[in-house]
Amino acid sequence: MSKSYDVKTVVLRKNIELADATEIVEDKKTKPFKSLLSRPKKEQVHIHSIKLYYECILMVSGKYVADYYRKAIHTISVPSNVKEVELGDCVFQIRSKSGFERTFVGKRGKNKIDMKLEEHVFVEEEDEIAFDHHGREIKFPFKVNSKTVENYPKRILQKNEPNVKRPEITVDSALGKLQSQLKKPLETDVRELSEEFVLREITELYVPIFEARVIGPKKKVGIIRIDAVRKKIL
């Protein structure tokens, strides 16, 4: 049974209307049929239909926190006449020098001591991941503020319901990918590991996309998609 999440719904505002989209398609309608050797004339291609879709980008953000103990070796330099170092109840002997070191630095060269200790490590990683409606991870390209979003997102989605493309990836799967990205591989020898994933926000952000179906020579079908926010062909 899948968990229930509090999901925020956002709809981006269009910056072009159907007439603008039609003009763009009319200008670029031969593009889907272009090849290295040929390109049809505009009169050989006609626009069959143009529809407005709302495609979801699923965004998840969160934080991974952990603390644990790990074994470590810290090397310190001491004067050449120091043979060992005491720290609490532990005694650390100097590292034996190789023949090359003895020849190169001589007797007066500083001694090295490898101190086998334990570190208390604290980890905090925070990030956000966006997925297109097919579930592919993408870089989020839009600005989201009061000027770029619709005031009544759910009302717009209900009105355009047949043309709303919901996310194909589940929230659980998206969160799993985020956790895998945040949680870096741990050392093999750790103890008293305490870790937690803190969910920050889940957003379904819907982008208005004009999708045109064009018919070319020999009744071949082409698709032209226009990002109605950035006014660009995808």
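Provided above is the structure to which this section pertains.
Anyway, here's the lowdown on the structure attached to this text. Everything numeric in this text was worked out from a predicted model, so none of it was measured. (Residues numbered from 1 in each chain as written. Predicted model: local features only at pLDDT ≥ 70, side-chain atom pairs only at ≥ 80, totals over all residues. Heavy atoms only, no water.)

## What about the layout of surface pockets?
Turning to step 1, where the next piece is worked out: Roughly 330 Å³ of volume is contained in the largest pocket.
Turning to step 2, where the next piece is worked out: Residue lining of the largest pocket: 17 residues in total, with E55, I57, D132, R225 and L234 positioned closest to the centre.
Turning to step 3, where the next piece is worked out: For the lining of the largest pocket, the elements supplying multiple residues, two or more each, are β2 (46–78), β8 (190–215) and β9 (221–227).
Turning to step 4, where the next piece is worked out: The element best represented in the lining of the largest pocket is β2, accounting for three residues.
Turning to step 5, where the next piece is worked out: The class makeup of the residues in the lining of the largest pocket is eight nonpolar, two polar and seven charged. (1 Å grid on protein atoms, 1.4 Å probe; cavity = no way out; pocket = protein on both sides within 12 Å on 5 of 7 lines; lining within 4 Å. Points joined across faces, edges and corners; volume = space filled by probe spheres on them. Helix = DSSP H or I, 4+ residues; strand = E, 2+ residues; numbered from the N terminus. Nonpolar A, V, L, I, M, F, W, Y, C, P; charged D, E, K, R; others polar.)

## Let's talk about the pairing of β9
Turning to step 1, where the next piece is worked out: Bridging between β8 and β9 involves seven bridges; their strand directions are antiparallel. The partner of R213 across the bridge, within β9, is I223.
Turning to step 2, where the next piece is worked out: As consecutive antiparallel partners, β8 and β9 are separated by five residues, and within that stretch K218 has a phi angle of approximately 60°, a positive value.
Turning to step 3, where the next piece is worked out: Both β9 and strand β10 (residues 232–233) contribute to a ladder of two bridges, which runs antiparallel. Bridged to D227 within β10 is K232.
Turning to step 4, where the next piece is worked out: Between β9 and β10, which pair antiparallel in sequence order, lie four residues; one of them, K231, sits at a positive phi of approximately 55°. (Pairing = 2+ DSSP bridges.)

## What about helix α4 (residues 171–182)?
Turning to step 1, where the next piece is worked out: For α4, which comprises twelve residues, the first-to-last C-alpha distance of 16 Å matches the rise-based estimate of 16 Å (1.5 Å per residue) to within 8%.
Turning to step 2, where the next piece is worked out: Of the residues making up α4, those classed as buried are V171, A174, L175, L178 and L182. Looking down the long axis of α4, one finds its buried residues gathered within 95° of arc, a one-sided arrangement.
Turning to step 3, where the next piece is worked out: In the core, the buried residues of α4 are packed alongside β2, β5 (111–131) and β8. (Expected span 1.5 Å × (residues − 1). Buried < 20%, exposed > 50% of the residue type's maximum accessible area, 1.4 Å probe, protein only. Arc of directions from axis to C-beta. Contact = heavy atoms within 4.5 Å.)

## Side note on the side chain of E204
Turning to step 1, where the next piece is worked out: Looking at the secondary structure, you find E204 in strand β8.
Turning to step 2, where the next piece is worked out: Buried and unpaired, E204 has no salt bridge, with R166 as the nearest side chain of opposite charge at 4.5 Å.
Turning to step 3, where the next piece is worked out: At 2.8 Å, the side chain of E204 forms a polar contact with the side chain of Y206.
Turning to step 4, where the next piece is worked out: Aside from chain neighbours lying at most four places away, what touches E204 is V7, K8, T9, V10, C56, I57, L58, R166 and P167. (Lys, Arg positive; Asp, Glu negative; His and termini not counted. Salt bridge = Lys/Arg side-chain N within 4 Å of Asp/Glu carboxyl O. Polar contact = N/O pair within 3.5 Å; in protein donor to acceptor, adjacent residues only side chain to side chain.)

Scope: geometric values only; no functional claims are made or implied.
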